[in-house]
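# Commentary on secondary and tertiary structure
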Amino acid sequence: MKKRGKIKVAFFDFTGCEGCQLNKLNLENQLLDILEHVDIVEFREAMDDKAEFYDIAFVEGSISTPECVNRINDIRRRSKVLVAIGACATNGGINSLKNIHDIDEVRETVYREHKYLFPTLPAMPLHAIVKVDYKIYGCPMTQEEFLKVFKSLVMGKKPQQPDYAVCVECKLKENECLLQRGIFCLGPVTRAGCGARCPSFGQSCIGCRGFVSNINQNASIEVLKRYGYSVEEAVKRMNMFNVTEMKM
Amino acid sequence: MGVNLDINVHHLTRVEGHGNIVVNVREGRLERAYLEIVEAPRYFEAILKGRNYKEAAIITSRICGICCLGHQMASLKATEEALGIEVSEQTVLLRKLLTDGATIQSHILHALFLASPDFVGKSSVFAMIGEYKDVVAKALKIKYVANLVSEVVGGRAVHPITPVPGGFTRIPESGELKALREKIQEIVPDLDFTVELMRQLIDSIPNFERETEYISLQCDDEYALYDGDIYSSDIGRVPVEEYKRMTNEFVVPHSTSKHCRANRESYMVGALARFNNNHEKLSEKAQRAAERMNLKAPCYNPYMNTIAQVVECVHCAEDAIRIIDRLLNCGLKDEKPDQEPKKYGRGIGATEVPRGILYHDYIYDRKEQIIKADCIIPTGQNLENIDYDMRKLVPEIIDEPREEIVKKLEMLVRAYDPCISCSVHMLDVEFVE
């Protein structure tokens, strides 16, 4: 990507839990290796330095205040490549659950008569405001996928990411189908790449990586109906991480 | 007066930093000193409305990536109490094991990555790599093993998968726990090293005291982390059901996070509060570590919170080994969680997370959905105490050079390990002289 000098990499966080940032710090052994190949020029979670320009900006969290909008525009202007990391940044994630409620009621529930003190927007993914070059999905994003995309970008390659359902990975792991065991699961509609981690630990897929891009939403709801779930229930479960991707 | 308003506006339009220190000194007199929290609100209490009981812990673990385990625990306890779901002894032991791992993970991240650069005069842990490579390497090792506890028992370090209402979706195999035990044994010397390092650096901790109310959980038979009653150093034990009386949340304009107070103007939660309230329940080794680092109860120096965190790491490593031995001796049972609600109503879950006591309070309807939720996080409880500390500290150090004052204020806030930060230098300090 860059002929001379180390690549300048920056990390930014918006509205979210900082879990994806933490996952980077949890890379432990690889962290020191990575530092040999790039210059981390901004990383609020771990350091003080600030820079004017970034070759790669990794951005975590949703846009949810007017201030976030200004800041993400500024980061975009300074960045050559902008990568959205984690569910909050790629599709709004858990934050966008607030969008299905009346925004005034949401603010009143938490701040009551003080609700006007803090300006709020519906929670949005980064691509609702700026151009996003690549996305690393998941809540949290996986360290493996982060490293894979990171290495590709440093080598100037386009990262390869799966666009098929979690079911594919779950079958490869030879897990027993949770739907057939009578457990609600979003594996059939959710983008793979996590290695079917939750179903492998006995938990259903909660859809944290967003939908596969060619999702047939009505058909998937039909499938869930066949397993005994109402349309209302199916939609609600699909909403948990995917409010901004729902077509109904 | 207009100048004060200008400072606030100035800070709110700044793009960097989710928390700011604001201090006004005029003609040598302190006018204002507080921590401004500008983190975007996320409205969890509103979005929990209408969600099913199986989703509550999944959603609330996303409140914080660092305290995700604690949020899951408080959430599960609240849901189980509300719905009359009981858990087995094995489930409680596995949850306590997870709590030990999460506590070590978070404390080491704070003490060695975030706070120790201050003690050795560096700007970040990255700047420490050259001169203090062994410290960084040991910190990484301890953190790796602490995360391994979550991976083995919880399925993942950030946002664990397996803990659900009624138990676990997957029980670890005995071989996995044995391997985990060995790994924890390996970091015991690294924790001793950390204690020794802190002992040598203890002089970098500012000499400042402000006695306050210390609130934590407390129980009779162990150092309370997962369970217990509320305990206040002012009024003693209070049942968890009365948590609202012990928090009294209120909104201040300079913080998107609500502030709290209990029996006086402010109180402190976290490692130092737990140490002050429950130090005699610490393991012997942890008590010796405290002595070596010159931490004695009651300690009124908030900067010593970082030292109390290191003491807790020593305790938690021992406790984790003890729990694993007990699980292995009893034999692991392949239990399935009993998730059937027996009743519908209100449940309150309190647990200790690394930064202090955490409460989740839910009311469920007959459709198994939350109709009302309340979550009170430790950082919010500490904010008022931080502001009062700053008001006492600034006049005491006002004659020192400006950089020294800034450093001491930053270190003070950092010592509380506030969850808004997860940062070494998220703080911008604004002076008006």
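Our subject in this report is the structure included herewith. Within any chain, residue numbers begin from 1 and follow the written order of that chain's sequence. Chain A is the first chain written and ligand 1 is the first ligand written, with later ones labelled in order. In keeping with the predicted nature of the model, local features appear solely for residues at pLDDT of at least 70, side-chain atom pairs appear and are counted solely at 80 or more, and the whole-chain, interface and lining totals rest on all residues. Only hydrogens and water are removed before side-chain values are computed, so all heavy atoms of the structure are retained for them.

## Brief notes about the pairing of strand E1 (residues 19-26) of chain B
Residues and elements named next belong to chain B. Note the following rule: With a 1.4 Å probe rolled over the protein chains alone, any residue whose accessible area is under 20% of its type maximum counts as buried; one over 50% counts as exposed, and the rest are partly exposed. To qualify as a helix, a DSSP run of H or I must reach at least 4 residues; to qualify as a strand, a run of E must reach at least 2; elements of each kind are numbered from the N terminus. Paired strands, as defined in this entry, are two strands with at least two bridges between them according to DSSP.
Burial analysis of E1 places seven of its eight residues in the buried class, the great majority of the element. Sheet topology note: the E1/strand E2 (residues 29-37) ladder contains eight bridges and is antiparallel. Note on E2: the bridge partner recorded for Arg26 is Arg29. As consecutive antiparallel partners, E1 and E2 are separated by two residues, and within that stretch Glu27 has a phi angle of approximately 50°, a positive value.

## Section: the packing of helix H9 (residues 271-278) of chain B against helix H11 (residues 305-330) of chain B
Residue and element names in this part refer to chain B. Just so we agree on the cut-off: Angular values range over 0 to 180 degrees, each being the angle between N-to-C directions of two axes fitted as lines to C-alpha atoms, with helices fitted over their stretch in contact. Angles are sorted into four bins: roughly parallel if under 35 degrees, roughly antiparallel if over 145, roughly perpendicular if 65 to 115, and oblique for all others. Two helices crossing with the near one rotated counterclockwise from the far one by less than a right angle form a left-handed crossing, whereas a clockwise rotation gives a right-handed crossing. Throughout, a contact is declared for two residues whenever any of their heavy atoms are within 4.5 Å. When residue character is reported, Ala, Val, Leu, Ile, Met, Phe, Trp, Tyr, Cys and Pro are called nonpolar, Asp, Glu, Lys and Arg charged, and the others, Gly included, polar.
At their nearest, the axes of H9 and H11 sit 7 Å apart, and the two run at 70° to each other. The orientation of H9 relative to H11 falls into the category roughly perpendicular. Viewed along their axes, H9 and H11 form a crossing whose handedness is left-handed. Residue-level inspection shows Ala271, Leu272, Arg274 and Phe275 of H9 in contact with H11, the latter providing Asn305, Ala308, Gln309 and Glu312. Across the contact of H9 with H11, the residue classes break down as four nonpolar, two polar and two charged.

## So, unusual backbone geometry
In most cases, non-glycine residues show a negative phi, while peptide bonds are predominantly trans. With an omega of -5°, the peptide bond between Cys139(A) and Pro140(A) qualifies as cis. Here Pro140(A) shows up in the loop between strand E5 (134-136) and helix H6 (143-154). Of note, the bond from Ala297(B) into Pro298(B) is cis; its omega dihedral lies within 30 degrees of zero at -5°. Examined against the element boundaries, Pro298(B) turns out to sit in the loop between helix H10 (284-292) and H11. Of note in this structure, His159(B) is not a glycine but carries a positive phi near 55°. Mapped onto the elements of the fold, His159(B) is located in the loop between helix H7 (133-154) and strand E3 (163-164). Positive phi values are uncommon outside glycine, yet Asn248(B) reaches one of about 45°.

## A short note on the packing of aromatic side chains
Where we set the bar: For this analysis, a ring pair means two rings from Phe, Tyr or Trp (six-membered ring only for Trp) whose centres lie within 6.5 Å, classed as stacked if their planes differ by under 30 degrees, edge-to-face if by over 60, and tilted for the remaining angles. Counting as a charge over the ring demands two things of the Lys NZ or Arg CZ atom: a distance within 6 Å of the ring centre and an angle within 35 degrees of the ring normal.
Taken as a whole and judged by the stated rule, the model has eleven aromatic pairs over all chains. Look at Phe11(A) and Phe146(A): their rings are 6.3 Å apart centre to centre, the planes differ by 45°, and that puts the pair in the tilted class. With Phe11(A) in strand E1 (residues 7-13) and Phe146(A) in helix H6, this pair connects stretches of sequence that are 135 residues apart. Pairing Phe12(A) with Tyr54(A) gives two aromatic rings, centres 5.1 Å apart and planes at 65°, and the pair type is edge-to-face. Here Phe12(A), found in strand E1, pairs with Tyr54(A), found in strand E3 (residues 54-60); they are 42 residues apart in sequence, far enough to count as distant. Classification of Phe12(A) as buried rests on a relative accessible area of 3%. Through a chain of ring-to-ring contacts, the aromatic side chains of Phe11(A), Phe58(A), Phe146(A) and Phe150(A) assemble into a single cluster. The lysine or arginine in question, Arg237(A), covers the ring of Phe184(A), its NZ or CZ lying 4.6 Å from the ring centre. In this structure, Arg391(B) packs its charged tip against the face of Tyr388(B), placed 4.6 Å from the ring centre.

## Quick look at the packing of H10(B) against H11(B)
All names here are of chain B. Between H10 and H11, whose axes approach to 8 Å, the crossing angle comes to 165°. One element, H10, and the other, H11, form an angle in the roughly antiparallel class. As for the relative orientation of H10 and H11, their crossing is right-handed in sense. Residues Lys285, Ala286, Ala289 and Ala290 of H10 pack against Val311, Val314, His315 and Glu318 of H11. For the contact of H10 with H11, the residue count by class is five nonpolar, one polar and two charged.

## Digging into the interface of chain B and chain A
Applied cut-off: Summed over both partners, the accessible surface that disappears when two parts come together, traced with a 1.4 Å probe, is what is meant by buried area. Whenever a carboxyl oxygen of Asp or Glu lies within 4 Å of a side-chain nitrogen of Lys or Arg, that contact is scored as a salt bridge. Think of a polar contact as two N or O atoms within 3.5 Å of one another; within protein, one of them needs to be a possible hydrogen donor and the other a possible acceptor, and neighboring residues in sequence only count if both atoms come from side chains.
Listed by partner, the interface residues are 62 residues for chain B and 56 residues for chain A. Summed over both partners, the interface of chain B with chain A buries about 5,700 Å², with 62% contributed by carbon and sulfur atoms. Summed over the shared surface of chain B and chain A, the result is two salt bridges. We note a salt bridge from Glu151(B) to Arg197(A), for which the minimum N-O separation is 3.7 Å. Our count for the contact surface shared by chain B and chain A stands at ten residue pairs in polar contact (both at pLDDT 80 or more). For the side of chain B that touches chain A, the secondary structure elements donating two or more residues are helix H2 (44-47), helix H3 (56-60), helix H5 (89-119), helix H6 (125-128) and H7 of chain B. A per-element tally of the side of chain B that touches chain A places H7(B) first, with five residues. Across the side of chain B that touches chain A, the residue classes tally to 31 nonpolar, 18 polar and 13 charged.

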